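Structure assessment
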Amino acid sequence: MSVGRTWAIALSGLVGDLVEVEADLSNQTPAFRIVGLADRALTEAQQRVHNACANSGLPLSRRRVTVNLSPASLPKHGSGFDLAIAIAALATELPMDATSLAETVHIGELALDGRLRPVPGVLPAVLAAARGGRRQVVVPEASRAEAELVDGIRVVACRSLAAVARWHGLDVAEPVPTEHAVADDGKSGGAAAAEATGAPRPDLAEVRGQAEAVDALIVAAAGGHHLLMSGPPGAGKTMLARRLSGILPDLDDDTALQVASIRSLSGTAVTTLTREPPFEAPHHSASVAALVGGGSRELRPGAIARASGGVLFLDEAGEYGAHALDSLRQPLEEGSIEIHRAGFRAVLPARFQLVLATNPCPCGQYGVRGGTCSCPSLAIRRYVGRLSGPLLDRIDIELGLSRVSLADLSSSADTTISTRVARERVVGARDRAARRLAATPWRTNAAVPGSWLRDGPLAPAADVRRPLDSALQRGALTLRGYDRVLRVAWSVADLRGGETLQLDDIGHALYLKKGLGA
């Protein structure tokens, strides 16, 4: 045989395409060439493949080897093609099982001594292989647990190139046991580190003296609403935000798999399919690229995509750059983020709950009882103006916080609510919303279009929506804000177990949106 064929996966975001890897031997000047729109990391595979084959006792032919990655028009990047290239090249003159090669997708980077190293994105790559009709996939031993999260495909985990060749029927000496390559520990952090240590989630019962804030947090969780908290340092904004993900319902199968795939694409080791919604809190010095994602060669999801299915918390929102904040507007409206870079285009999911926390001024003391603000009026206007009108218009709930006083602390002794109880209320409210929206494509109140809320079969009566009409008439609300108040009102109704909107629900929602009374 002078032609060897097998399969690999080309990832573009979470979307993967099957790539046929075919190698051919020809009687020309000895060389090793890779064609098919490969990037720099992929063209360098020729040296890794040569050394790995030689050090595994499987030297490549001295003739010209041409490796084609088809379809040739599809951009391909990364070192995850190494194993497929090596196996296809070896199959040009060594007796391997052609049927096995044709049914198998190979994923993995080669070390110079022939060991298999894990690569980012194994989980979405295995998902793409299963959807493409492949029956089995070969991955590095370090990626076994991640690959086995996908049902309907056989996972073969190997430590070395020689072990893969032997599995395909090549009569080669049993490879010497070696320590398998592991993922870089530096790539795992944040939520993954918390999961590894089994750290308990913070409990809502620890929040004292902020009954209205806790109520707003529960309403936000019930409907999937975006939330803005404004108040001085020490008012509890961060404490509240970090407890939001704990009262959200568990992720369903599809969302959990999507969250794990994004973590895998980020280079984080994935061993289990967690049902806990993710929580991302980038620093206020984060760039637009850190929020949106990208990369010059390989796509790495930003904080926006990593928060999909959970919570994106921007603390000290007034300190973020204007361009960074404006980058949130598209994903907030569309639920996805589109990334364009030289050589690739990718669309990543971005369905998250946004929580913004900001001080009233740069020093944090403006309007605080007993505080002394030293900020010039121009600096205060500039600071508050960082949160643009179009961004604030996409926020469902705006909450003003003040520091907890001794009286608040004493009066809250019997009014605290635990995360478990709050979560039960949220789950019940989400179930009611899902039943009400069963005949529609939406499942949460925050996702329902405003036109359906205003003119659909469940539109509120004229006397119920009178406060909303009045606020719109005097310019206190935009039409988008009008719709968002209706969404919040339905979440309030779901929490109380109501089947229709009442005047009190509208009044409560107006207060949460603009601090306006009914």
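Some points on helix α2 (residues 45–55)
- Along α2, the positions that sit buried rather than exposed are Ala45, Arg48, Val49, Ala52 and Cys53. Buried residues of α2 fall within an arc of 120° about the axis and therefore sit on the same side. For α2, the exposed residues set more than 90 degrees away from the buried face come down to Gln47 and Asn55.
- Check the buried side of α2 and you find it contacts β3 (32–35), α1 (40–43), α3 (82–90), β6 (109–110) and α7 (161–167).
- Once α2 ends, the next one or two residues include Gly57, with phi positive near 75°.

Examining the pattern of salt bridges
- Overall, the coordinates contain 25 salt bridges when judged by the stated rule.
- Note that Arg5 is salt-bridged to Glu20, the shortest N-O span being 3.7 Å. Taken as a pair, Arg5 in strand β1 (residues 3–12) and Glu20 in strand β2 (residues 15–26) lie far apart in primary sequence, 15 residues in all.
- Classification of Arg5 as partly exposed rests on a relative accessible area of 45%.
- One salt-bridge network, held together by shared partners, links Glu333, Arg394, Asp396 and Arg484.

Remarks on the packing of aromatic side chains
- Under the criterion given, the structure shown has 2 aromatic pairs.
- Relative to Phe313, the ring of Phe279 has its centre 6.1 Å away and its plane inclined at 35°; by these criteria the two rings are tilted. With Phe279 in strand β11 (residues 279–280) and Phe313 in strand β14 (residues 311–314), this residue pair connects regions lying 34 residues apart in the sequence. You'll find Phe279 and Phe313 in the same group, each marked buried.
- Summarising the aromatic geometry, the rings of Trp442 and Trp452 are spaced 5.8 Å apart at their centres and angled 65° between planes, so their arrangement reads as edge-to-face.

Brief notes about the pairing of strand β8 (residues 136–140)
- Within β8, 5 of the 5 residues are buried, which leaves the element mostly enclosed by the surrounding structure.
- For strand β5 (residues 104–106) and β8, the ladder comprises 3 bridges, and the chain directions are parallel. For His106, the partnering residue across the bridge sits in β8 and is Val138.
- Examined bridge by bridge, β8 and strand β9 (residues 154–158) share 5 bridges and lie parallel to one another. By the bridge assignment for β9, Gln136 is matched with Arg154.

Conventions used here
- Residues numbered from 1 in each chain as written.
- Predicted model: local features only at pLDDT ≥ 70, side-chain atom pairs only at ≥ 80, totals over all residues.
- Heavy atoms only, no water.
- Buried < 20%, exposed > 50% of the residue type's maximum accessible area, 1.4 Å probe, protein only.
- Helix = DSSP H or I, 4+ residues; strand = E, 2+ residues; numbered from the N terminus.
- Arc of directions from axis to C-beta.
- Contact = heavy atoms within 4.5 Å.
- Salt bridge = Lys/Arg side-chain N within 4 Å of Asp/Glu carboxyl O.
- Phe/Tyr/Trp six-rings, centres within 6.5 Å; stacked < 30°, edge-to-face > 60°.
- Pairing = 2+ DSSP bridges.

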